[in-house]
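# Analysis of the macromolecular model
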Amino acid sequence: MTPKLTLAEIVAKLGGEAVGEVSAPLTGVATLDSAGPGEIAFLANPKYRGRLATTRAGAVILGPGDRDAGKMPRIVSENPYAYYARTVGLFHPERKGNPGVHATAQVAPGAKVAASAEVGAFAVVGANATVGEDAIVGAHCVIGEGVAIGAGTRLHPRVTIYERCTLGERCLVHSGVVIGADGFGMAREAGRWLKIPQVGAVRIGNDVEIGANTAIDRGALDDTVIEDGVKLDNLIQLGHNCVIGAPTVIAGCTGLAGSVTIGRDCLIGGGVGIVGHLTICDGVTISGFSFVTKSITAPGTYTSGMPVMAHGEWLRNAAQLRHLDELARMVKKKAGEGRE
């Protein structure tokens, strides 16, 4: 059951400044458009400021610059978007685990499951694996031999972690994730492909989130490394021996070939492709659907690709691009003739 909270109680827990009526009970968080009198909304983007005049919300979270933009009860925060996120957490606290191993789960000899941990129905925990305090292993998860799962980490149903991989504390791993499958390593021999054994592992730090159906390959020799605080969206492919610096964020459908190193505090948009053995320095933002073919050595925002346009316009531009090299040679030739 969702708890009821007053503005005064929210501020007591999260800080900020309460303005106006602080004792009315609130039942949840909603957008400015959909909120009712018993809900709290938020304004984090100034382009929605005009909606303060029409919202039915019982209270609003906003920044100092909008403190007097409305007359409804409100919480003033330096970071209204982060405050909104924490407020949602108050109304929808994470489920606590049910300590114990389900009767249908299989825990191999030598595995260590903390007394406060939960192992769900039909889950498998391999030999010499460890499941830390307050961890949750969802139904049908497979935890390989020698895997270590840190305290407070939660695996949603049907996560697979291959042998010897490690997850830190307070990680959140969504359904369908595969950690530690073989990297794509092949050697050419006598007209055929020879599989290169992948004998490294995957090391994941603390407070990492991994979205549904993301795949993180194990290293060929050294480990694939995901540092503290990294957030990975759904359907991401990380090749063997990639290193992702803390606390980088990568959006869905992005693919990294093997041995890519991403620095700290990077933002990688959705659908980005990065070829193998490149290094992206700290503080880089890469726009969605960009294709990265060389290392990036200076912080900043990088973009490639052509935005969407009408098909006829795209055909005309594509036709011109086909002759771009020819046109450049003609211009260079004309420029040379002009100097004679």
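Read on for an overview of the structure. The numbering scheme is per chain: residues are counted from 1 as the chain's sequence reads. Predicted model: local features are reported for residues with pLDDT of at least 70 only, side-chain atom pairs are reported and counted for 80 or more only, and whole-chain, interface and lining totals are derived from all residues. In computing side-chain properties, one takes all heavy atoms of the structure into account and sets aside hydrogens as well as water.

## Describing the overall build of the protein chain
A count of helical and extended segments in the protein chain gives four helices and 39 strands. Only C-alpha atoms enter the radius of gyration; for comparison, a globular chain is expected to reach 2.2 Å times N to the power 0.38, where N is the number of residues. Over its C-alpha atoms the protein chain spans a radius of gyration of 26 Å, topping by over 25% the 20 Å that the globule rule assigns to 340 residues. C-alpha atoms of the protein chain, sized along the principal axes, occupy 85 × 65 × 35 Å. Here's how the labels work: a residue is buried when its accessible area is under 20% of the maximum for its type, exposed when over 50%, partly exposed in between, all with a 1.4 Å probe on protein chains only. Considering the protein chain as a whole, with its 340 residues, one finds that 38% of them fall into the buried category. Within the protein chain, contacts between residues at least 6 apart in sequence are counted, and of these 18% link residues at least 24 apart. Where accessible areas are quoted, they stem from the Shrake-Rupley method and a 1.4 Å probe; at the residue level, only the protein chains shown are allowed to cover. Of the accessible surface of the protein chain, which amounts to about 18,400 Å², a share of 56% is contributed by carbon and sulfur atoms. Asp and Glu are treated as the negative residues and Lys and Arg as the positive ones, with His and the ends of the chain left uncounted. Working definition for charges: the position is that of NZ of Lys, CZ of Arg, CG of Asp or CD of Glu. Seen as two clouds, the 32 positive and the 32 negative side-chain charges of the protein chain have centres 6 Å apart. For helices the rule is a DSSP run of H or I covering at least 4 residues; for strands it is a run of E covering at least 2, with both sets numbered from the N terminus onward. Only heavy atoms matter for contacts: two residues are in contact if any of them lie within 4.5 Å across the pair.

## Examining helix α2 (residues 80-91)
Residues that lie three or four places apart on an α-helix share one face, since the helix turns once every 3.6 residues. Each helix should span, by expectation, one fewer than its residue count multiplied by 1.5 Å. Here α2 contains twelve residues, and its C-alpha end-to-end distance of 17 Å stays within 8% of the 16 Å for a straight helix at 1.5 Å per residue. When we look at burial in α2, the residues that qualify are Pro80, Tyr83, Thr87 and Phe91. Taken down its axis, α2 places every buried residue within 80° of arc, on the same side. Residues of α2 that are exposed and point over 90 degrees away from its buried face: Tyr81 and Arg86. To be clear, the arc concerns the directions from the helix axis to the C-beta atoms.

## Side note on the packing of helix α1 (residues 7-14) against α2
Where α1 contacts α2, the axes come no closer than 11 Å and their chain directions differ by 110°. Considering the angle they form, α1 stands roughly perpendicular to α2. As α1 runs across α2, the sense of the crossing is right-handed. Residues Ile10, Val11, Lys13 and Leu14 of α1 form the contact with α2, whose participating residues are Tyr83, Arg86, Thr87, Leu90 and Phe91. For this classification, the nonpolar set comprises Ala, Val, Leu, Ile, Met, Phe, Trp, Tyr, Cys and Pro, the charged set comprises Asp, Glu, Lys and Arg, and every other residue, Gly included, is treated as polar. Residue composition of the contact of α1 with α2, by class: six nonpolar, one polar and two charged. All axes here are fitted lines through C-alpha atoms, helices being fitted over the stretch that makes contact, and every angle between N-to-C directions spans 0 to 180 degrees. An angle counts as roughly parallel when it lies under 35 degrees, as roughly antiparallel when it exceeds 145, as roughly perpendicular when it falls between 65 and 115, and as oblique in every other case. Crossing chirality is assigned from the near helix's rotation relative to the far helix, an anticlockwise turn below a right angle marking it left-handed and a clockwise turn marking it right-handed.

## Notes on the sheet that holds strand β8 (residues 100-101)
Either a parallel or an antiparallel arrangement is found when strands of a sheet pair, and the pairing is made through backbone hydrogen bonds. By this definition, two strands are paired if DSSP reports at least two bridges between them. As summarised here, the arrangement of the eleven strands in space is β8-β11-β14-β17-β20-β25-β28-β31-β34-β37-β39, forming an open sheet in which the pairing is parallel. Looking at the sheet topology across the chains shown, the edges are occupied by β8 and β39 (300-302). In this structure, strand β25 (residues 209-210) lies alongside strand β28 (residues 231-232), joined through two bridges in parallel fashion. Counterpart to Ile210 in the pairing with β28 is Leu232.

## As for the nonpolar core
Within soluble globular proteins, side chains that are nonpolar tend to cluster in buried spots. Core analysis: the biggest nonpolar cluster contains 52 residues, and Ile143, Leu155, Ile161 and Ile204 have the highest contact counts within it. Sorting the residues of this core by element identifies β24 (202-204) and β37 (284-286) as the ones contributing at least two each. The contacts of Ile143, once residues within four sequence positions are left out, are Val124, Val125, Gly126, Ala129, Val137, Ile149, Leu155 and Ile161. By convention a nonpolar core is built from buried Ala, Val, Leu, Ile, Met, Phe, Trp, Tyr and Cys residues, the set being connected through side-chain atoms within 4.5 Å.

## Things to note about the sheet that holds strand β26 (residues 215-217)
If you walk across this open sheet you meet the ten strands as β9-β12-β15-β18-β21-β26-β29-β32-β35-β38, and the pairing is parallel. At either margin of the open sheet sits one strand with a lone partner, and together these are β9 (106-107) and β38 (291-292). Where strand β29 (residues 237-238) and strand β32 (residues 255-256) come together, two bridges link them in parallel fashion. Counterpart to Gln237 in the pairing with β32 is Gly255.

## Some words on the state of the cysteines
The criterion for a disulfide is a pair of cysteine sulfur atoms lying within 2.5 Å. Going through the model one piece at a time under the given rule, you end up with zero disulfides. Here Cys253 stays free of any disulfide, with the sulfur of Cys242 as its closest cysteine sulfur at 17 Å. The exposed category is assigned to Cys253, whose relative accessible area is 53%.

## Points about the pairing of strand β21 (residues 178-181)
Bridge count for strand β18 (residues 160-161) against β21 is two bridges, and the pairing is parallel. Bridging across to β21, Ile161 finds its partner in Ile179. Two elements, β21 and β26, share three bridges in a ladder whose sense is parallel. From the neighbouring strand, Val178 faces β26, where its bridge partner is Ala215.

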